[in-house]
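These are the residues of each chain, in order.
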Amino acid sequence: MFSTSTHPALAAVERKFAAGERLDFEDGLALLQSPDLLRVGAMADEVRRQKNGDDAYFIINTHLNYTNICHLSCKLCAFGIKPDQPGAYALSLEQLEAKMKEIAGRGFTELHIVGGVNASLPLSYYEEMMRLAKRILPGVHVQAFTAVEIDYMARIAKLPVETVLERLREAGLDSILGGGAEVFDPEVRRIIAGHKTSADRWFAVHRAAHQMGIRTNASILYGHIERPEHVVDHLLRLRELQDETGGFSCFFPFAFHPANTALAEEYGIQDTTSGYYDLRILATARLLLDNFDHIRAFWMMIGEKMAQVSLAFGVDDLDGTVMEEQIVHAAGAETAQMAPKEQFIRLIREAGRIPVQRDTLYNKLKIY
């Protein structure tokens with residue numbers, strides 16, 4: 001299908017790809033390091049076509065950030081702050097109820113809930129949050145909490161993760177977010193995320209959720225101090241768990257935004273990721289994560305234009321309308337707070353794809 005590249009390592013990958021062989025660690029390095037991005041993208045686009053045809057998905061959703069208080073002090077983050085700092089907040093249950101009533105009836109099908117690791121909030125707070133969401137927003141899928149948040153809920157409550165997950169599910173949790181993965185390499189993780197939940201613990205939470213029938217997502221944070229081998233290792237570890245459980249719905253990369261972060265200040269990181277690197281990460285993910293159905297470009301991280309181009313580099317999902325978002329913008333993102341449905345339809349059609357409005361679990365709600 002593809003002529004052989006003049007880059008030897010990439011040519012070897014192309015031969016394996018054409019033969020239908022699974023790509024390995026060395027292949028992943030070749031994909032990330034070859035100068036021929038278009039050839040990498042062409043292979044990724046073929047996988048996208050095989051898995052999803054010309055369908056390109058989006059969702060109508062909104063975010064709810066219930067607290068920005070966090071005791072982790074991750075250098076990568078501009079959102080979490082200490083409780084005594086100006087602007088610190090933790091929404092009370094009464095405030096959460098008022099906020100949910102305020103956003104009710106706006107047409108979104110997914111409520112995305114994430115916050116900081118706030119040790120003052122008991123497990124009952126999260127349970128009641130789920131009950132409020134289900135009562136006030138009936139029919140809305142509640143995708144909430146990263147493995148990091150769930151890990152610390154279990155630690156604070158002194159309960160097994162499985163018990164916490166079951167209690168949250170009984171209260172209304174439908175699926176789990178993919179954040180908190182950052183980079184799994186222990187040394188990189190130590191530098192960028194300090195004493196955040198370890199990679200092994202992150203995997204334990206997702207494995208437990210999958211075994212209970214709770215779907216989750218997966219991610220990576222890139223564009224800081226990681227090297228190609230860290231990215232490839234990260235992707236292959238995700239692939240291994242997906243082989244075991246099949247519980248991941250999609251994978252999406254987070255581009256690091258350096259503004260207002262200790263990591264950028266300490267390591268002199270001034271610029272956001274390049275479009276070239278964004279596309280290379282997405283295409284490599286599509287090729288290595290052969291057991292993932294969907295690769296998502298988070299437009300709020302890389303911009304609408306680059307997200308549109310990514311539809312030719314293995315991506316089949318542009319995320320959602322995101323009616324309110326705080327975490328990315330706290331790190332200096334200059335993208336809009338939300339994108340209307342019509343914008344997704346236009347971007348997707350211009351790219352030669354079929355706009356499909358989906359729900360959280362990729363059921364097709366409407367084809368445009």
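Every chain's residues receive numbers from 1 upward, in the order its sequence appears when written. Residues qualify for local features only when their pLDDT is at least 70, as the model is predicted, and side-chain atom pairs are given and counted only at 80 or more; totals for whole chains, interfaces and linings, by contrast, use all residues. No hydrogens and no water enter the side-chain calculation; it runs on all heavy atoms of the structure.

(A) Main features of the packing of aromatic side chains. The criterion for an aromatic pair is that two Phe, Tyr or Trp rings (for Trp, the six-membered ring) have centres within 6.5 Å, with stacked assigned to planes under 30 degrees apart, edge-to-face to planes over 60 apart and tilted to the rest. Within the structure shown, the criterion is met by 17 aromatic pairs. For the pair Tyr66 and Phe145, a centre-to-centre distance of 6.1 Å together with 85° between the ring planes defines the contact as edge-to-face. With a gap of 79 residues between them, Tyr66 in the loop between strand S2 (61–64) and helix H4 (93–103) and Phe145 in the loop between strand S4 (141–144) and helix H6 (147–157) connect regions that are remote in the sequence. For Tyr66, a relative accessible area of 0% corresponds to the buried category. In this description a helix means any DSSP run of H or I spanning at least four residues, a strand means any run of E spanning at least two, and both kinds are numbered starting from the N terminus. Only protein chains enter the accessibility calculation, which uses a 1.4 Å probe; a residue is then buried when its area is under 20% of its type maximum, exposed when over 50%, and partly exposed in between.

(B) Quick look at helix H16 (residues 341–350). Of the positions making up H16, those classed as buried are Gln343, Phe344, Ile345, Leu347 and Ile348. Contacts are residue-level and defined by heavy atoms, with any inter-residue pair within 4.5 Å sufficient. Here the buried face of H16 lies against strand S1 (55–59), helix H13 (299–302), helix H14 (304–310), strand S8 (317–320) and strand S9 (354–358). Where H16 ends, the next residue or the one after it, Gly352, has phi of about 80°, a positive value.

(C) Region of the structure containing the packing of helix H1 (residues 8–18) against helix H3 (residues 37–52). Interaxial angle, 0 to 180 degrees, is taken between N-to-C directions of lines fitted to C-alpha atoms, where a helix line uses only the stretch in contact. The geometry of H1 relative to H3 is characterised by a closest axis approach of 11 Å and an angle of 15° between their N-to-C directions. Judged on the interaxial angle alone, H3 and H1 are roughly parallel. Seen along the crossing, H1 lies across H3 with a hand that is left-handed. Along its contact with H1, which presents Leu10, Val13, Glu14 and Phe17, the element H3 presents Arg39, Val40, Met43, Glu46 and Val47. Counted by class, the contact of H1 with H3 contains six nonpolar, no polar and three charged residues. Geometric relationships in this document are graded by angle, where less than 35 degrees denotes roughly parallel, more than 145 denotes roughly antiparallel, 65 to 115 denotes roughly perpendicular, and other angles denote oblique. In a left-handed crossing the near helix is turned counterclockwise from the far helix by less than a right angle, and in a right-handed crossing that turn is clockwise. Charged residues are taken to be Asp, Glu, Lys and Arg, nonpolar residues to be Ala, Val, Leu, Ile, Met, Phe, Trp, Tyr, Cys and Pro, and polar residues to be all remaining types, Gly included.

(D) Seen up close, the UniProt feature "binding site: [4Fe-4S] cluster" (unreviewed entry) in the chain. UniProt positions are given in the numbering used here, feature names are shortened, and annotations may be inferred rather than shown by experiment. UniProt records the feature "binding site: [4Fe-4S] cluster" (unreviewed entry) at Cys70, Cys74 and Cys77, using the numbering of this structure. Checked against the element boundaries, Cys70 lands in the loop between S2 and H4. Not counting residues up to four positions away in its chain, the partners in contact with Cys70 are Gly80, Ile81, Lys82, Gly116 and Val117. Checked against the element boundaries, Cys74 lands in the loop between S2 and H4.

(E) Focus on unusual backbone geometry. The backbone phi angle of Lys158 is positive, close to 55°, even though this residue is not glycine. Position of Lys158 relative to the elements: it lies in the loop between H6 and helix H7 (161–171). Of note in this structure, Glu182 is not a glycine but carries a positive phi near 50°. Looking at the element boundaries, Glu182 is found in the loop between strand S5 (175–176) and helix H8 (186–193).

(F) Spatial organisation of the packing of helix H9 (residues 199–211) against helix H10 (residues 228–245). Where H9 contacts H10, the two axes come as close as 11 Å, and the packing angle between them is 25°. Judged on the interaxial angle alone, H10 and H9 are roughly parallel. H9 and H10 meet at a crossing whose hand is right-handed. Seen from H9, the contacting residues are Ala199, Asp200, Trp202, Phe203, His206, Arg207, His210 and Gln211; seen from H10, they are Arg237, Leu238, Leu241, Glu244 and Thr245. Of the residues belonging to the contact of H9 with H10, the class tally is five nonpolar, four polar and four charged.

(G) Highlighting the sheet that holds S9. In short, DSSP must find at least two bridges between two strands for them to pair. The mixed open sheet is built from four strands, whose spatial order is S8-S1-S9-S10. Among the strands making up the open sheet, the edge pair consists of S8 and strand S10 (364–367). Averaged over all pairs of adjacent strands, the angle between strand axes in this sheet comes to 30°, irrespective of strand direction. Pairing geometry for S9 and S10, over three bridges, is antiparallel. Bridge pairing links Arg358 to Lys364 in S10.

(H) Region of the structure containing the environment of Leu235. Residue position: Leu235 is located in helix H10. Classification of Leu235 by relative accessible area gives buried; the value is 1%. For the pair Leu235 and Phe184, spaced 51 residues apart in the sequence, the C-alpha separation amounts to 9.3 Å. Among residues more than four places away in sequence, those in contact with Leu235 are Phe251, Thr284, Ala285, Leu288 and Leu289.

(I) Layout of the UniProt feature "binding site: S-adenosyl-L-methionine" (unreviewed entry) in the chain. UniProt tags Glu182 as "binding site: S-adenosyl-L-methionine" (unreviewed entry). With residues up to four places along the chain from it excluded, the contact list for Glu182 reads Leu76, Arg189, Ile192, Lys196, Ile220, Leu221 and His234. There is a polar contact of 2.5 Å between the side chain of Glu182 and the side chain of Lys196. Each polar contact in these results corresponds to two N or O atoms within 3.5 Å; when the atoms are within protein, one needs to be able to donate a hydrogen and the other to accept it, and residues that are neighboring in sequence are counted only if both atoms are side-chain atoms.

(J) View of the pattern of salt bridges. The term salt bridge refers to a pairing of a side-chain nitrogen on Lys or Arg with a carboxyl oxygen on Asp or Glu at a separation within 4 Å. Scanning all chains against the criterion turns up 31 salt bridges. The shortest N-O distance in the salt bridge between Asp317 and Arg296 comes to 2.9 Å. Linking Asp317 in strand S8 with Arg296 in the loop between helix H12 (275–288) and H13, this pair joins segments that are 21 residues apart in sequence. Classification of Asp317 as buried rests on a relative accessible area of 0%. Its relative accessible area of 7% is what places Arg296 among the buried residues.

(K) Summary view of the confidence of the model for the chain. pLDDT: the predictor's confidence for each residue, scored from 0 to 100. Mean pLDDT over the chain: 93, with 94% of residues reaching 70 or higher. Note that residues 325–336 has pLDDT below 50 and, in this model, 36 contacts with residues that lie over four places away or in other chains.

(L) Looking closely at the environment of Pro122. Along the chain, the position of Pro122 falls in the loop between strand S3 (110–113) and helix H5 (123–136). Looking at Pro122, the relative accessible area reads 41%, which means it is partly exposed. C-alpha of Pro122 to C-alpha of Ala154: the two residues are 32 residues apart in sequence and 9.8 Å apart in space.

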